[in-house]
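Given next are the chains, with one letter for each unit.
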Amino acid sequence: AKDAGFMTEGQSFTNASADDVPYERMETILLEAFPGQAHLVIPLKKEGRIFELRSYESPTENLHVKKMDMFNTGGEIPLFNRLGFNPIFYGKVIAGGKMPNFMYMPIFDNLEQRTEQWKTFGNDPVWKDISTRPENENKVSVSHIDSIVMQAAEYSDI
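Below is a summary of the structure that appears in this document. (Residues numbered from 1 in each chain as written. Predicted model: local features only at pLDDT ≥ 70, side-chain atom pairs only at ≥ 80, totals over all residues. Heavy atoms only, no water.)

1. Details of unusual backbone geometry
Quick note on the threshold: We count a stretch as a helix when DSSP gives it H or I for four or more residues in a row; a strand needs E for two or more, and each element gets its number in order from the N terminus. We call a residue buried when its accessible area falls under 20% of the maximum for its residue type, exposed when it is over 50%, and partly exposed in between, using a 1.4 Å probe and counting protein chains only.
Here the bond from M99 into P100 is cis, since omega is 0 degrees, no more than 30 degrees from zero. Considering the arrangement of structural elements, one finds P100 in the loop between β3 (90-95) and β4 (101-104). Non-glycine residue N86 carries a positive phi angle of around 50 degrees. With respect to the secondary-structure elements, N86 resides in the loop between α4 (76-82) and β3. Take N86: its relative accessible area is 48%, and that puts it in the partly exposed class. Of note, the phi angle at K98 is positive, near 60 degrees, even though the residue is not glycine. Among the secondary structure elements, K98 is positioned in the loop between β3 and β4.

2. A short note on a negative patch on the surface
Put simply, the rule reads: Patches here: salt-bridge-free residues with over 30% relative accessible area, like charges joined within 9 Å, nonpolar side chains (Val, Leu, Ile, Met, Phe, Trp, Tyr) joined within 5 Å. Methods summary: accessible areas were calculated by the Shrake-Rupley approach with a probe of 1.4 Å, and residue burial reflects only the protein chains presented. Salt bridge, as used here: a side-chain nitrogen of Lys or Arg that lies within 4 Å of a carboxyl oxygen of Asp or Glu. A positive count includes Lys and Arg, and a negative count includes Asp and Glu. His and the chain ends are not counted in either. Charge placement uses NZ in Lys and CZ in Arg. For Asp and Glu, CG and CD serve respectively.
A contiguous patch of negative charge on the surface is contributed by D3, E9, E154 and D157. With respect to the helices and strands, D157 occurs in the segment after β6 (144-151).

3. Concerning helix α3 (residues 61-72)
Test applied: Given a helix with a known number of residues, its expected span is that number minus one, times 1.5 Å. The reported arc concerns the directions from the helix axis to the C-beta atoms and nothing else. Working rule for contacts: check all heavy atoms of both residues, and any pair within 4.5 Å makes them a contact.
A rise of 1.5 Å per residue sets the reference length of α3, with its 12 residues, at 16 Å; its end C-alpha atoms lie 16 Å apart and thus fit the reference within 8%. If you check which residues of α3 are buried, you get L63, H64, K67, M68, M70 and F71. In a view along the axis of α3, the buried residues occupy a sector of 145 degrees, so they form one face of it. Buried residues along α3 sit in contact with β2 (50-57), α4, β3, β4 and α6 (125-132).

4. A few points about the side chain of S58
The following threshold applies: Here a polar contact is recorded for every N or O atom pair within 3.5 Å, except that within protein the pair must consist of a potential hydrogen donor and a potential acceptor, and residues adjacent in sequence are included only if both atoms are side-chain atoms.
Mapped onto the fold, S58 is located in the loop between β2 and α3. Residue classification places S58 among the buried residues on the basis of a relative accessible area of 6%. Here S141 takes part through its backbone oxygen, which lies 2.5 Å from a polar atom of the side chain of S58. Dropping the residues within four chain positions of it, S58 is found in contact with L63, H64, P100, S141, V142 and S143.

5. Brief notes about the packing of helix α5 (residues 111-123) against α6
Using the following cut-off: Every axis in this analysis is a line fitted to C-alpha atoms, fitted for helices over the stretch in contact. Angles between the N-to-C directions lie between 0 and 180 degrees. In this scheme, roughly parallel covers angles under 35 degrees and roughly antiparallel covers those over 145, while 65 to 115 is roughly perpendicular and the rest are oblique. Amino acids are sorted into nonpolar (Ala, Val, Leu, Ile, Met, Phe, Trp, Tyr, Cys and Pro), charged (Asp, Glu, Lys and Arg) and polar (every other residue, Gly among them).
Relative to each other, α5 and α6 sit at 60 degrees, their axes nearing to 5 Å. Classified by the angle between their axes, α5 and α6 sit oblique to one another. Between α5, through F121, G122 and N123, and α6, the contact on the second element is made entirely by P125, W127 and K128. For the contact of α5 with α6, the per-class residue count stands at 3 nonpolar, 2 polar and 1 charged.

6. Some points on the nonpolar core
Rule in force here: Note on terminology: a nonpolar core comprises buried Ala, Val, Leu, Ile, Met, Phe, Trp, Tyr and Cys residues joined through side-chain atoms within 4.5 Å.
Judged by nonpolar contacts, the single largest core of 20 residues is most densely connected at F71, F80, Y104 and F121. Residue assignment for this core shows that the elements contributing at least two residues are β2, α3, α4, β4, α5 and α6. Those residues within four positions of F71 in sequence are excluded, and the remaining contacts are F34, Y56, E76, I77, P78, F80, Y90, F102 and Y104. Counting residues in hydrophobic clusters, the runner-up holds 8 residues, among them F51, F89, V93 and M103.

Next up, the structure:
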């Protein structure tokens, strides 16, 4: 409410009518940054790009820690960086729904690039190595993945 620019530019969101709502419901989630990327990486604003919010749920705390380790110390974060996924953040959910889980948000120029990036990731020799290491062999370390593809609102800083 103290940001005059947001309040002016965000009126289509904040003052939306009941027959044209910008969301179904809101949920609050508190994240703790991964050690592998301890700060937000805020990109310069770019027209038309998309953001993918990914949430990885695990069936147990132990398996949750194992999957996070694949990112933090097992090589997934450097792999995402090398392949140009440009993640804004990686974070462990410390309060919110569907725990244990963690979330991260890569950026893509468009849906086609997103599709190609994930194909490249899946075929990358480094990913094949990471995913077949004995410490990562438990294929149920992730029991559910949510993927939400979004575009920035016109009033967004990113």
